[in-house]
Amino acid sequence: MSSRLYRIGIALMMAIAGIALPAAAQEPTPIDTHRDWHTYKFEQNGKLVCFMASQPTKEEGDYTQR
């Protein structure tokens, strides 16, 4: 009986540890910059993900409704 309780206890601790660990998020790596645009890459689930990002260059118009 104590062997069974021991296995249940180990299984329970492993399940709790698996839930408590946060997902490992990889930081994007900068690739290049072209004018105001920046390109980045990172790996997710074994696949390469690339994206572009930019900041607004002008503050024109009435954007209080957004």
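Criteria and thresholds
Residues numbered from 1 in each chain as written. Predicted model: local features only at pLDDT ≥ 70, side-chain atom pairs only at ≥ 80, totals over all residues. Heavy atoms only, no water. Pairing = 2+ DSSP bridges. Helix = DSSP H or I, 4+ residues; strand = E, 2+ residues; numbered from the N terminus.

Trainee: Summarise the pairing of strand β2 (residues 37-44); cite the residues concerned and give the values.
Mentor: Pairing between strand β1 (residues 29-34) and β2: five bridges, direction antiparallel. Its bridge partner lying in β2, His-34 is registered against Trp-37. Connecting the antiparallel pair β1 and β2 is a turn made up of two residues, with Arg-35 showing a positive phi of about 55 degrees. Two strands pair when backbone bridges link them, and β2 and strand β3 (residues 47-54) are joined in this way by eight bridges, in the antiparallel orientation. Within β3, the residue paired with Gln-44 across the bridge is Lys-47.

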